[in-house]
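Next come the chains, spelled out residue by residue.
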Amino acid sequence: MPGPLRGQIQTVLGAVAPDAIGITLPHEHLLIDFEVMFAEPAGVADKPRALEPVSLANLGWVRQNFNSNHDNLRLEDEQVAQDEILLFKKAGGRTVVDPTPTTIGRDPQALARIARATGLNVVMGAGYYVGASHPPDMNRRSVDELAREMITDLTTGVGDTGIRAGLIGEIGTTYPWTDNEQKVLRAAVIAQRETGAPLMVHPGRHPAMPMELAKLVQKEGGDLRRTIMCHICRTIADVRAVIDLAQTGIWLEYDLFGMENSFYPYNPSFDMPNDGGRMAHVLALIAAGHRDQILLSHDIAYKTSLVKYGGYGYHHLLVNVVPRLRAKGMDDAGLTRLLVENPARAFAFA
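Residues numbered from 1 in each chain as written. Predicted model: local features only at pLDDT ≥ 70, side-chain atom pairs only at ≥ 80, totals over all residues. Heavy atoms only, no water.

Trainee: Hey, could you run me through the pairing of strand β11 (residues 251–254) in this one?
Mentor: In regular strands, side chains alternate between the two faces of the sheet. What you see with β11 is no split at all: W251 and E253 on one side and L252 and Y254 on the other are buried throughout. Here strand β10 (residues 227–229) runs beside β11; their pairing, made up of two bridges, is parallel. Its bridge partner being in β11, I228 is matched across the sheet by W251. With respect to chirality, the unit in which β11 leads through helix α8 (residues 275–287) into the neighbouring parallel strand β12 (residues 294–296) is right-handed. (Buried < 20%, exposed > 50% of the residue type's maximum accessible area, 1.4 Å probe, protein only. Helix = DSSP H or I, 4+ residues; strand = E, 2+ residues; numbered from the N terminus. Pairing = 2+ DSSP bridges. Right-handed = clockwise from strand over helix to strand, strands pointing away.)

Shown next, in the form of structure tokens:
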């Protein structure tokens, strides 16, 4: 099977032209097993809550402690995934990027079934998440071996499925990051250089980490204009530091729209901004001349984010955030740039 075509976007059902992807969510998880992030509830009285199914009775607690409930960390029902992502389609959406890494629930055949059932373009990722999710033999794997695996996923398909990844990532790092995480990112840069695929990086939770990662990608010969830095809003509070990062040419992904809790269990000392704070950053970046580097999404990975469980859903950006951006002065051309044109450029193979 030939490799991905230059200038096209590789979906789980084949390559499509950039002008066919329409409104795009650049970072969502349709199916994921996020157990690797589980943390025991801190309070003795709350420990039984870890085993409860998500329900209206515990929704407030689970939202506040989203990684301390096993059920919340699993999105494994294909029918629910279809129902939920169809809300995005009904609101005008056309394409969804699912960068779920190899060991936390990536399922190429399930993604292909969802794409067929919904008529949406679905783009799948390749590579590995943070060290805690790495396979047991990661210490023995070489950079070249990891790179070959990613390249195979991109050019011939995952295993014997024939279903090809359309991006490298999300490649996971922690802070401070581990030797194996660095090895995986080096391999990812090789895969980017050889295939022209976009690269997506999940930064460790420290404001200096995105710049450190950008410098490593550049040093290894990667293309920062083809590289997406995820989760900006939970990593860098100071928009001036984001503007500094933007000077490298990297894509800036504000992908936690809909996460309105200020308490952030993964980094309790950091106050998570709400959607108003995210919009303020986006508008400041546009004012500073970086409109062409911004991507917007929700990073849905928990049941509490789904409409079925009391969340805002995959259509939240379109039905709730876009009207607020219009009210803040963004015109149709600006919205089209953020929701259609930027993703079309970000995910096309070089």
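Trainee: I'm lost on the packing of helix α5 (residues 179–195) against helix α6 (residues 209–219) in this one. Help?
Mentor: How two helices sit against one another is set out by the angle between their axes and by the gap between those axes. Two elements in contact, α5 and α6, have axes separated by 9 Å at closest approach and are oriented at 50°. The orientation of α5 with respect to α6, classified from their angle, is oblique. As α5 packs across α6, the resulting crossing turns out to be right-handed. Counted together, Q182, L185, R186 and V189 of α5 and L213, L216 and V217 of α6 form the full contact between these two elements. Each residue belonging to the contact of α5 with α6 can be placed in one class, and the counts come to five nonpolar, one polar and one charged. (Axes fitted to C-alpha atoms, helices over the stretch in contact; angles between N-to-C directions. Parallel < 35°, antiparallel > 145°, perpendicular 65-115°, else oblique. Left-handed = near helix turned anticlockwise from the far one by under 90°. Contact = heavy atoms within 4.5 Å. Nonpolar A, V, L, I, M, F, W, Y, C, P; charged D, E, K, R; others polar.)

Trainee: Just to check I follow, could you spell out the sheet that holds strand β6 (residues 93–98) for this structure?
Mentor: The strands making up a sheet are joined through hydrogen bonds of the backbone, oriented either antiparallel or parallel. Ordered by their spatial adjacency, eight strands build an open sheet running β3-β6-β7-β8-β9-β10-β11-β12, and the pairing between neighbours is parallel. Two strands in the sheet have a free side with no partner beyond their single neighbour: β3 (23–25) and β12. Going from strand to strand, the sheet's axes swing by 25° on average, the running direction of each strand aside. Where strand β7 (residues 121–126) lies against strand β8 (residues 167–172), two bridges are found, and the strand directions are parallel. Across the sheet, the residue bridging to G125 is L167, located in β8. Along the sheet face, α6 touches β9 (199–202) and β10 and points at about 165° away from the line of β10.

Trainee: Help me understand α5, please; the structure alone is not making it clear to me.
Mentor: Three- or four-residue spacings in an α-helix give side chains the same orientation, since the helix completes a turn every 3.6 residues. If you check α5, its first and last C-alpha atoms are 24 Å apart, about what 17 residues at 1.5 Å a residue would give, namely 24 Å. Burial within α5 is extensive, with 12 of its 17 residues counted as buried. Those residues of α5 that sit buried are N180, E181, K183, V184, L185, A187, A188, V189, I190, A191, Q192 and T195. G196 lies just past α5 and shows a positive phi near 80°. (Expected span 1.5 Å × (residues − 1).)

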